[in-house]
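Observations on the three-dimensional arrangement
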Amino acid sequence: YAIIGQSVGSPQVWDTLSGQLVRSLHGSCVDCSNLIMACNGRYLIGLSGDTASNECVASNIKTLQIWEVQSGQLIQMSHQIKCCVFALSNDTNSIFMAGNQRFGQGISVGILDLVTFELTKEIKSDPNLVLGDPESIVITPNQKYAVVGCRYMQS
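Since the model is a prediction, treat every value here as computed from it, not as a measurement.

1. Some points on the side chain of Gln 65
- Structurally, Gln 65 is set in strand E6 (residues 62–68).
- Overall, Gln 65 belongs to the buried group, its relative accessible area being 10%.

2. Some words on the state of the cysteines
- Throughout the structure, instances matching the rule amount to zero disulfides.
- Cys 83 provides the cysteine sulfur closest to Cys 39, a residue in no disulfide bond, and the two sulfurs are 16 Å apart.
- Among the residues examined, Cys 39 registers a relative accessible area of 11% and is labelled buried.
- The thiol of Cys 83 is not disulfide-bonded; the next cysteine sulfur, from Cys 84, is found 6.9 Å away.
- Under the relative-accessibility criterion, Cys 83 is labelled buried at 2%.

3. Quick notes on the pattern of salt bridges
- On inspection of all chains with the given rule, the structure shows two salt bridges.
- Note that Lys 62 is salt-bridged to Asp 31, the shortest N-O span being 2.9 Å. Pair noted here: Lys 62 is in strand E6 and Asp 31 is in strand E4 (residues 30–38), with a separation of 31 residues, a long-range link.
- Exposure remark for Lys 62: the relative accessible area of 14% places this residue in the buried category.
- For Asp 31, a relative accessible area of 40% translates into the label partly exposed.

4. Some details on the nonpolar core
- Membership of the largest hydrophobic core comes to 17 residues, with the highest contact counts inside it found for Ile 45, Leu 64, Ile 66, Ile 95, Met 97, Leu 112 and Leu 114.
- Broken down by element, this core gets its largest block of residues, three residues, from strand E5 (residues 43–49).
- Those residues within four positions of Ile 66 in sequence are excluded, and the remaining contacts are Tyr 43, Leu 44, Ile 45, Gln 73, Leu 74, Ile 75, Met 77, Leu 112, Leu 114 and Phe 117.
- Counting residues in each nonpolar core, the second largest holds eleven residues, with Val 85, Ala 87, Ile 107 and Ile 111 among its members.

5. Side note on the pairing of strand E10 (residues 107–113)
- With six of seven residues buried, E10 is to be regarded as a mostly interior element.
- Judged from the seven bridges that link them, strand E9 (residues 94–100) and E10 form a sheet pairing that is antiparallel. Among the inter-strand pairings, Phe 96 is bridged to a residue of E10, identified as Ile 111.
- Between E9 and E10, which pair antiparallel in sequence order, lie six residues; one of them, Phe 103, sits at a positive phi of approximately 65°.
- In this structure, E10 lies alongside strand E11 (residues 118–124), joined through six bridges in antiparallel fashion. By the bridge assignment, Leu 112 is partnered in E11 with Leu 119.
- Linkage of E10 to E11, two consecutive antiparallel strands, is achieved through a turn of four residues, within which Phe 117 is found at a positive phi near 60°.

6. Points about the packing of aromatic side chains
- Counting across every chain of the model gives one aromatic pair.
- Ring geometry for Tyr 43 and Phe 117: centres 5.4 Å apart, planes at 75°, overall edge-to-face. You can see Tyr 43 sitting in strand E5 and its partner Phe 117 sitting in the loop between E10 and E11, a full 74 residues away along the chain. You'll find Tyr 43 and Phe 117 in the same group, each marked buried.

7. A closer look at the confidence of the model for the chain
- With 92% of its residues at a pLDDT of at least 70, the chain reaches an overall mean of 87.
- Every residue in residues 53–58 is under pLDDT 50, and counting partners more than four places away or in other chains gives six contacts.

Definitions and cut-offs
- Along every chain, residues carry numbers that run from 1 in the direction the sequence is written.
- Owing to the predicted nature of the model, reporting of local features is limited to residues with pLDDT of at least 70; listing and counting of side-chain atom pairs is limited to 80 or more, with chain, interface and lining totals taken over all residues.
- With hydrogens and water excluded, all non-hydrogen atoms of the structure serve as input to the side-chain values.
- To qualify as a helix, a DSSP run of H or I must reach at least 4 residues; to qualify as a strand, a run of E must reach at least 2; elements of each kind are numbered from the N terminus.
- Here the term buried applies to any residue with accessible area under 20% of the maximum for its type, exposed to any over 50%, and partly exposed to those in between, with areas from a 1.4 Å probe on protein chains only.
- Any two cysteine sulfur atoms within 2.5 Å of one another count as a disulfide.
- Definition used for salt bridges: Asp or Glu carboxyl oxygen within 4 Å of a side-chain nitrogen of Lys or Arg.
- Here, the term nonpolar core denotes a set of buried Ala, Val, Leu, Ile, Met, Phe, Trp, Tyr and Cys residues that are joined through side-chain atoms within 4.5 Å.
- Between two residues, a contact is recorded if the distance between any of their heavy atoms is within 4.5 Å.
- At least two bridges found by DSSP between two strands is the condition for calling them paired.
- To pair, rings of Phe, Tyr and Trp, with the six-membered ring standing in for Trp, must have centres within 6.5 Å; the planes then decide the type, stacked if under 30 degrees apart, edge-to-face if over 60, and tilted in the middle.
- For every residue, the predictor assigns a confidence score, pLDDT, that lies between 0 and 100.

And the structure:
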């Protein structure tokens, strides 16, 4: 199978041998990107932009979305999660996310458990630091450290 993210519309699952569309996942997604399979292929994780939000126009901040692949249903979490980048844990049962704190200053790194859909840890930098948007996150093999790369935009 091939999973395709779209600029407008939810991701689609295609059969690469037949070229046929297998299913379109449910829910709306704008600029659907960073798609990755998790939990042994049970879930598809991705980021969705929000053209109605001024916050997203000024930065990379997107909404984390999780689909159950077999049913195509969008998982409804207790609250909306915004981030710029994420990476899967070694066992693919959790993700490490990085984004800006409120008003685009400081960085927040969180770990989301994909079994319970709960945030298990969050670490925040000094909120007065202007570090720019996180563009990458790399997790060390022992998962003890997360390295976040930011692009600082000068005025």
